[in-house]
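# Chain and residue survey
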Amino acid sequence: MKLKLPKLNFLNYLKIPREMMTWIVGLSLLVAGLEVAWLKGAIQAIYLADVTKISVLIAVIFFWQSFICFKEVIYQTQKIREHTGSNNQIERGWLWSDIVLSLGMIGTVIGFMMMLAGFIDVDFSDFDSVQDLIMKLSAGMSTSLSTTLVGLISSVILKIQFFSLENIVKNRKEEKQVL
């Protein structure tokens, strides 16, 4: 016996293109994930762990580029309007996704440098000196890991968004060639 799934015909009444609906679902999942992370305290922990605050810069770039990509998706899904600047925006989006990844790696290097700087004035016979070393090591490691995490996640999500936009542009060009 085959299981038949009901057709979601109500989506056709809204006249929302499939690409836009996919984008809205993805955005909703992202917002829900951020809400859960906020309620669990993960975002606050990352902010406090990153001494350099590079993760804040990465987040700003991420939301800025996500907004630009969403604007381009809207332009491309509107059949009545021609928008030719999308290829430039896609190239810039790929660049910015690599930049946030690189910023995460820069934060990693800075965190390791902070860790290694703790060994300069350590006296292992002095308890306070060792305790200070442990604090510097933990601050450096938390900075390193938090910037890496934020950079990697932001880069992956931006790449998915701009890959989706690239497919929308490609499909729209193919539709024009058929007509």
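Overview of the structure. (Residues numbered from 1 in each chain as written. Predicted model: local features only at pLDDT ≥ 70, side-chain atom pairs only at ≥ 80, totals over all residues. Heavy atoms only, no water.)

The subject of this paragraph is the packing of aromatic side chains. Under the definition given, this model contains three aromatic pairs. The interplanar angle of 70 degrees and the centroid separation of 5.1 Å between the aromatic rings of F62 and F63 together place this pair among those described as edge-to-face. What makes F62 buried here is its relative accessible area of 5%. Look at W64 and W96: their rings are 4.9 Å apart centre to centre, the planes differ by 75 degrees, and that puts the pair in the edge-to-face class. With W64 in helix 4 (residues 54-77) and W96 in helix 5 (residues 86-117), the pair connects residues that are 32 residues apart, well separated along the chain. According to the relative accessible area criterion, W96 is partly exposed, its value standing at 22%. (Phe/Tyr/Trp six-rings, centres within 6.5 Å; stacked < 30°, edge-to-face > 60°. Buried < 20%, exposed > 50% of the residue type's maximum accessible area, 1.4 Å probe, protein only. Helix = DSSP H or I, 4+ residues; strand = E, 2+ residues; numbered from the N terminus.)

Taken together, the side chains of Y47, L48, V56 and V60 present a nonpolar region at the surface, about 400 Å² in accessible area. Secondary structure elements with two or more residues in the nonpolar patch: helix 3 (42-49) and helix 4. With respect to the helices and strands, V60 occurs in helix 4. (Patch = residues over 30% accessible without salt bridge, like charges linked within 9 Å, V, L, I, M, F, W, Y side chains within 5 Å. Areas by Shrake-Rupley, 256 points an atom, 1.4 Å probe, with all protein chains shown as cover. Salt bridge = Lys/Arg side-chain N within 4 Å of Asp/Glu carboxyl O.)

A few words now on the nonpolar core. Counting 18 residues, the largest nonpolar core has I58, V73 and L165 as the members making the most contacts within it. Where this core is concerned, the elements lending two or more residues are helix 2 (18-40), helix 4, helix 5 and helix 6 (127-178). Setting aside its immediate chain neighbours within four residues, V73 contacts M20, W23, L165 and I168. (Core = buried A, V, L, I, M, F, W, Y, C linked by side-chain atoms within 4.5 Å. Contact = heavy atoms within 4.5 Å.)

Let us now look at the side chain of S66. Inspection of the secondary structure puts S66 in helix 4. Since its relative accessible area comes to 12%, S66 is described here as buried. For S66, the residues in contact, after removing those within four places along its chain, are W23, L158 and Q161.

According to the stated counting rule, one finds one salt bridge in the structure shown. For K159, the salt bridge is made with D98, and the minimal N-O distance between the two is 3.3 Å. Here D98 lies in helix 5 and K159 lies in helix 6, a separation of 61 residues in the sequence.

For K53, which is not glycine, the phi dihedral falls at a positive 60 degrees. Along the chain, K53 falls in the loop between helix 3 and helix 4.

Another aspect to go through is the packing of helix 4 against helix 5. Their axes nearest at 10 Å, the elements helix 4 and helix 5 cross at an angle of 165 degrees. With respect to each other, helix 4 and helix 5 are oriented roughly antiparallel. Note that helix 4 runs across helix 5; the crossing there is left-handed. The segment helix 4 lies against helix 5, with I54, L57, I58, I61, W64, Q65, I68, E72 and Q76 engaging S86, Q89, R92, G93, W96, V100, L103, G104, I106, G107 and I110. Here the residues of the contact of helix 4 with helix 5 are counted per class, giving eleven nonpolar, seven polar and two charged. (Axes fitted to C-alpha atoms, helices over the stretch in contact; angles between N-to-C directions. Parallel < 35°, antiparallel > 145°, perpendicular 65-115°, else oblique. Left-handed = near helix turned anticlockwise from the far one by under 90°. Nonpolar A, V, L, I, M, F, W, Y, C, P; charged D, E, K, R; others polar.)

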